[in-house]
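Listed below are the residues making up each chain.
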Amino acid sequence: MQLDLIKSLKSLYSLLLVTLGFNSLLMGQTPLTNPFPQSIQKGNISAVLTEVADGFSAPVHLANAGDGSNRLFVVEQAGVVKIIENGAVLGTPFMDITDQVVDISFNGEDERGLLGLAFHPDFDDSELPGFGKVYTYFSQDTTFNADFTHPGFFFFDHESVVAEWTVDPNFPDQVDPASRRDILRIDQPQYWHNAGALVFDENDYLCIAIGDGGSDFAGGDNGFPNNISQDHSNVYGSILKIAPLHPSLTPGSADAISNNGAYRVPASNPLVGIEGVDEIYAYGFRNPYRMSIEPSSGALLVADVGEEDIEEVNLVQANQNFGWNEKEGQFRFNFVFDPQTFDAEVFVSDDLAGLPAGLVDPLVEYDHDEGVSVIGGYVYESANGSALDGMYVFGDWVGKGGGKKGRLFYTDLDDAIIKELEVEGNSLNMYIRGFGMGENNELFLVASENGGTTGTGGHIFRLQANDEEAPVADSLGVTKISVKAGKDRQNPVDQISLSGTLTTNANELTGADDFTFDIGDGIFSETIDLAEGDVKKGKLSKKIPTGTSLKIDLNKGTFSISAKGVDLSGLSTPFDVFVSFGDFDEEDTVETALLGKKTLPLCLMTGVADILDTTKAAVKTNKKGSSLNLSGQIAAVDLNLNLVNEAVTVTWGSFNEVIPDQSFTNKKGRKFSYKKPKGGNGFVAKLDIDFDKCTIKLSIKDAGALDTGNNINFDITSVSFSANDLVSVP
């Protein structure tokens, strides 16, 4: 009842606006029944779609982190981001904020949800404030405390939120759910025209696409009569540009701090210092659902979903006005309402007389004979040469005639002629929901068998031009790594072995081809002088006195190398492997796992924080109280940690026990053991730590009531380990 009342009040308010003359009543215009009579023709370039993964629920976007991991991040509209790594969807989501996103399950055509995802350009640089930062655009319930509001409404359907998140430093495949920091919030009158695209420009500014709010007429979805996208005093129908990091992290910036204190406003934004919202970069949009950066100019390519007749893609620069709702595409947009009959007529015409000066026409456009909702894409860049290189690839949601037959298009940005991109061996009987780019400029298509907000019919395809040449460049790929740590950490003698794939244009190795092998930027480096006769029938096998051995098989495209007697204690993760010989010069980043995977021992790596991760935990209760047995992995930055002279504090909720100094027995290397003496005070029965194997075992007996769902912590002077929710007490 309350919802019906709100809708009635909103409709009544819109009706009053119209009857009071706020609509643009344009009489005498001749409707265009077919704005573009010429049909879009198939081009002479075709593409191949290769499925990467499926089973997604209403996917809308794909992004990469730019960190060398080649992970693909798939955005699901309901509020989940999943990771595709090495062709498999990881079991644990990168992000799950379904409890913070409005419920979209009841409305099959809902345009709300998690709509945008972008990684800060400095995401992978631990020395910069953008390290580990991720940004989202999503819909949440109204808080009545938004930063920007609609001037014509008293009631709002929801808020659009741009938020910053930080990746959990201990779990690089997961966002820390407690790290949410709201940057800005916008009141939204309706559940449509949300837009939601996020993209960073070449100056590390975050561009945010905002729809016109869907401000209605008597419940309609036409985005008028308010003409709000032409009003600089609000953010609707605009592309915003901000510096999203908290201002405290950029103290030397010349950009002003925002009104809410959560970000900075670029001094170069066109409305700074004059009338209008300083955050606005360009305006005059209806529903700019997707956008990307044009590589050569740095300009924005913004696909704006049309209203009555026209779908458009715009090449956007600062302070440009793209005309909505004075124009739709290159045409005049007309809305004629008769307050006596309550009839409205909506159409486009080619009479532009009297329109404001300076309205910018689209780069390309098509009418609704060809499709109904444009889905913006990216400029194609292949690694090996293709006729599609430099073309802007985009699509339409349902394509010609409706139904789930989305269409793919491409256009040369110079001649701006749309051509249909034919798909080899795939009729693409799916809805096109979005596109995405991988780290190596790979183009991906986000499509679905379902048009609504639920189901599991979402697919991710790699899109490649079928005329791409096979890769012939030198390449290196590490597929296996093993490390054996020396026992004496004061004088470490470690061993590392790597193997993988090797592709090179060199047909043979000669004496001039010295082989250089480097791990971790100088942590370990070796050069092997190759002589005539070392290579036989494309195979090389050589050992040198320093303890390094090398094998190469150019026929199979494999290599292996091992080195003994090296100090790896300074090796961070991830680390680079560099190989060169002759004209071959290649580098690969090895993603050594931190926890739960067997690659580098955790205790060898200085690039990780102090970590505790349980692999087994059990709680038993008896008449004397509760007992806890726990085992897991542990890593310490301080590789020379000496527990003999250091007190250890163990905490579990309200349980707290201090093991005093001089209590540990140093067995071998960095192994330490403590057992509570008979009759001794305290509850810790036994604690074993092995910093060479990175293991820990703990037994707490007769400890009374152990708190459920709490962290367990180990404080060793200045070093602290913790893990969340190890086990729940029955």
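Cut-offs applied
Residue numbers restart at each chain and count upward from 1, following the sequence in its written direction. This being a predicted model, a pLDDT of at least 70 is required before a residue's local features are given, and a value of 80 or more before pairs of side-chain atoms are given or counted; all residues contribute to the totals for chains, interfaces and linings. Computation of side-chain values: all heavy atoms of the structure, hydrogens and water removed. In this description a helix means any DSSP run of H or I spanning at least four residues, a strand means any run of E spanning at least two, and both kinds are numbered starting from the N terminus. Each residue's exposure class comes from its accessible area (1.4 Å probe, protein chains only) as a fraction of the maximum for that residue type: buried when under 20%, exposed when over 50%, partly exposed otherwise. Each accessible area value is a Shrake-Rupley result obtained with a 1.4 Å probe; residue values ignore everything except the protein chains displayed when judging cover. Detection works on a 1 Å grid of protein atoms alone, calling trapped sets that fit a 1.4 Å probe cavities and calling open sets with protein on both sides within 12 Å along at least five of seven lines pockets, with lining residues defined by an atom within 4 Å of a point. Grid points are joined across faces, edges and corners, and a volume is the space filled by probe spheres set on the points. When DSSP locates at least two bridges between a pair of strands, those strands are taken to pair. Interaxial angles span 0 to 180 degrees and are taken between N-to-C directions of axes, which are lines fitted to C-alpha atoms, for helices over the stretch in contact. Confidence scores labelled pLDDT are given residue by residue by the predictor and lie between 0 and 100. Pairs of residues are marked as contacts when any of their non-hydrogen atoms sit within 4.5 Å. Residues qualify for a patch when their relative accessible area is over 30% and they have no salt bridge, like charges being joined within 9 Å and the nonpolar side chains of Val, Leu, Ile, Met, Phe, Trp and Tyr within 5 Å. A side-chain nitrogen of Lys or Arg and a carboxyl oxygen of Asp or Glu constitute a salt bridge if their distance falls within 4 Å. The sign given to each residue is positive for Lys and Arg and negative for Asp and Glu; His and the chain ends receive no count. Where a charge lies is defined by one atom per residue type, namely NZ (Lys), CZ (Arg), CG (Asp) and CD (Glu). Any two rings among Phe, Tyr and Trp, with Trp reduced to its six-membered ring, count as a pair given centres within 6.5 Å; such a pair is stacked if its planes are under 30 degrees apart, edge-to-face if over 60, and tilted if neither. Pairs of N or O atoms within 3.5 Å make up the polar contacts considered here, provided that, within protein, one atom can donate a hydrogen while the other can accept it, and that residues adjacent in sequence are counted only when both atoms are side-chain atoms.

**Some remarks on the overall build of the protein chain**
Here's step 1: Helix and strand content of the protein chain: one helix and 50 strands.
Here's step 2: Out of the 730 residues belonging to the protein chain, those deemed buried represent 53%.
Here's step 3: Counting only carbon and sulfur atoms, one obtains 47% of the accessible surface of the protein chain, whose full area is about 31800 Å².

**Focus on empty space enclosed by the protein**
Here's step 1: Across all of its chains, the model carries three cavities of 30 Å³ or more by this definition.
Here's step 2: Gly284, Arg286, Asp304, Val305, Gly306, Ile310, Glu312, Phe322, Trp324, Lys327, Glu328 and Gly329 are the residues that line the second largest cavity.
Here's step 3: Listed by contribution, the elements that provide at least two residues to the lining of the second largest cavity are strand S19 (310–316) and strand S20 (327–328).

**Side note on the sheet that holds strand S12 (residues 206–210)**
Note: strands within a sheet are paired through backbone hydrogen bonds, in either parallel or antiparallel orientation.
Here's step 1: What the four strands build is an open sheet, ordered S11-S12-S13-S16; its pairing is antiparallel. At either end of the open sheet lies a strand with only one pairing partner, and these are strand S11 (195–200) and strand S16 (280–283). Adjacent strand axes in the sheet meet at a mean angle of 20° when their direction is disregarded.
Here's step 2: Note: S12 against strand S13 (residues 238–242), five bridges, orientation antiparallel. When the sheet's bridge partners are listed, Ile210 is paired in S13 with Ser238.

**Focus on the sheet that holds strand S31 (residues 475–484)**
Here's step 1: Read across the sheet, six strands follow the order S31-S32-S38-S37-S36-S35 without closing on themselves; strand pairing throughout is antiparallel. Both edges of this open sheet fall to S31 and strand S35 (535–536), since each of them pairs with a single strand only.
Here's step 2: As judged from the six bridges shared by strand S36 (residues 539–544) and strand S37 (residues 548–553), these two strands associate in the antiparallel manner. Bridging from a neighbouring strand, Ser541 pairs with Lys551 of S37.

**Describing the confidence of the model for the protein chain**
Here's step 1: Here the protein chain averages 83 in pLDDT, and 84% of its residues register 70 or above.
Here's step 2: In this model, residues 1–26 is a region of pLDDT below 50 whose contacts with residues beyond four sequence positions or in other chains number 40 contacts.
Here's step 3: The low-confidence segment residues 593–597 (pLDDT under 50) makes 16 contacts with residues lying over four places distant or belonging to another chain.

**Quick notes on a negative patch on the surface**
Here's step 1: A contiguous patch of negative charge, built from Asp124, Asp125, Glu127 and Glu591, is present on the exposed surface.
Here's step 2: As for its placement among the helices and strands, Glu591 is situated in the loop between strand S40 (584–590) and strand S41 (611–622).

**Quick notes on unusual backbone geometry**
Here's step 1: For the peptide bond that leads from Trp324 to Asn325, omega is 0°, which places it in the cis range.
Here's step 2: Inspection of the secondary structure assignment puts Asn325 in the loop between S19 and S20.
Here's step 3: The backbone of Ala195 shows a phi angle near 55°, a positive value even though the residue is not glycine.
Here's step 4: Within the element layout of this structure, Ala195 appears in strand S11.

**Let's talk about the packing of aromatic side chains**
Here's step 1: Per the stated rule, a full pass over the model turns up 14 aromatic pairs.
Here's step 2: Arranged with centres 4.7 Å apart and planes meeting at 55°, the rings of Phe73 and Phe119 form a pair that is tilted. Remark: Phe119 occurs in strand S7 (residues 114–119) and Phe73 occurs in strand S3 (residues 72–76); sequence separation between them is 46 residues.
Here's step 3: Centre to centre, the rings of Phe517 and Phe524 are 6.0 Å apart; their planes meet at 65°, and the pair counts as edge-to-face. We note that Phe517, like Phe524, is buried.

**Notes on the side chain of Thr651**
Here's step 1: Looking at the element boundaries, Thr651 is found in strand S43 (residues 648–652).
Here's step 2: With residues up to four places along the chain from it excluded, the contact list for Thr651 reads Asn656, Asn711, Ile712 and Asn713.

**Focus: the pattern of salt bridges**
Here's step 1: What the rule picks out here adds up to 14 salt bridges.
Here's step 2: With a shortest N-O distance of 2.7 Å, Arg71 and Asp67 are connected by a salt bridge.
Here's step 3: Judged by relative accessible area, which is 11%, Asp67 ranks as buried.
Here's step 4: The partner of Asp361 in a salt bridge is Lys327, and the shortest N-O contact between them spans 2.4 Å. One end of the pair, Asp361, is in the loop between strand S22 (343–349) and strand S23 (364–367); the other, Lys327, is in strand S20, with 34 residues separating them in the sequence.
Here's step 5: Of the residues examined, Asp361 reaches a relative accessible area of 41% and is grouped as partly exposed.
Here's step 6: On the basis of relative accessibility, which here comes to 5%, the residue Lys327 falls in the buried class.
Here's step 7: A single network of salt bridges, built from pairs that share partners, joins Asp67, Arg71 and Asp173.

**A word on the environment of Gln38**
Here's step 1: With respect to the secondary-structure elements, Gln38 resides in the loop between helix H1 (2–19) and strand S1 (41–56).
Here's step 2: A residue is classified by how much of its surface remains accessible, and Gln38, at 62% relative accessible area, is exposed.
Here's step 3: Residues Gln38 and Tyr366, 328 residues apart in the sequence, show an inter-C-alpha distance of 9.7 Å.

**Comments concerning a positive patch on the surface**
Here's step 1: Residues Lys484, Lys543, Lys551 and Lys564 make up a contiguous surface patch of positive charge.
Here's step 2: Of note, Lys543 is situated in strand S36.

**A word on the environment of Asp147**
Here's step 1: Inspection of the secondary structure puts Asp147 in the loop between strand S8 (133–140) and strand S9 (158–166).
Here's step 2: As a C-alpha pair, Asp147 and Arg185 span 38 residues in sequence and 5.3 Å in three-dimensional space.
Here's step 3: Excluding residues that lie within four positions of it along the chain, Asp147 makes contacts with Ile183, Leu184, Arg185 and Asn260.
Here's step 4: From its side chain, Asp147 meets the backbone nitrogen of Arg185 in a polar contact 2.8 Å long.

**Let's talk about the environment of Phe335**
Here's step 1: Counting through the fold element by element, Phe335 comes out in strand S21 (residues 331–338).
Here's step 2: Residue class for Phe335 comes out buried when judged on its relative accessible area of 4%.
Here's step 3: Residues Phe335 and Glu345, 10 residues apart in the sequence, show an inter-C-alpha distance of 5.8 Å.

**Section: the pairing of strand S48 (residues 695–700)**
Along any regular strand, the residues point their side chains to alternate faces of the sheet.
Here's step 1: Strand direction decides the pairing type here: strand S42 (residues 625–635) and S48, joined by six bridges, are antiparallel. The residue bridging Leu628 from the neighbouring strand is Ile700, located in S48.
Here's step 2: Pairing geometry for strand S47 (residues 684–690) and S48, over six bridges, is antiparallel. Across the sheet, the residue bridging to Val684 is Ile700, located in S48.

**Remarks on the pairing of strand S49 (residues 712–716)**
Here's step 1: Going residue by residue along S49, you find Ile712, Phe714 and Ile716 tucked away on one face and Asn713 and Asp715 left uncovered on the opposite face.
Here's step 2: Sheet analysis places S43 next to S49, joined by five bridges and oriented antiparallel. Considered in S49, the bridge of Thr651 is made with Asn713.

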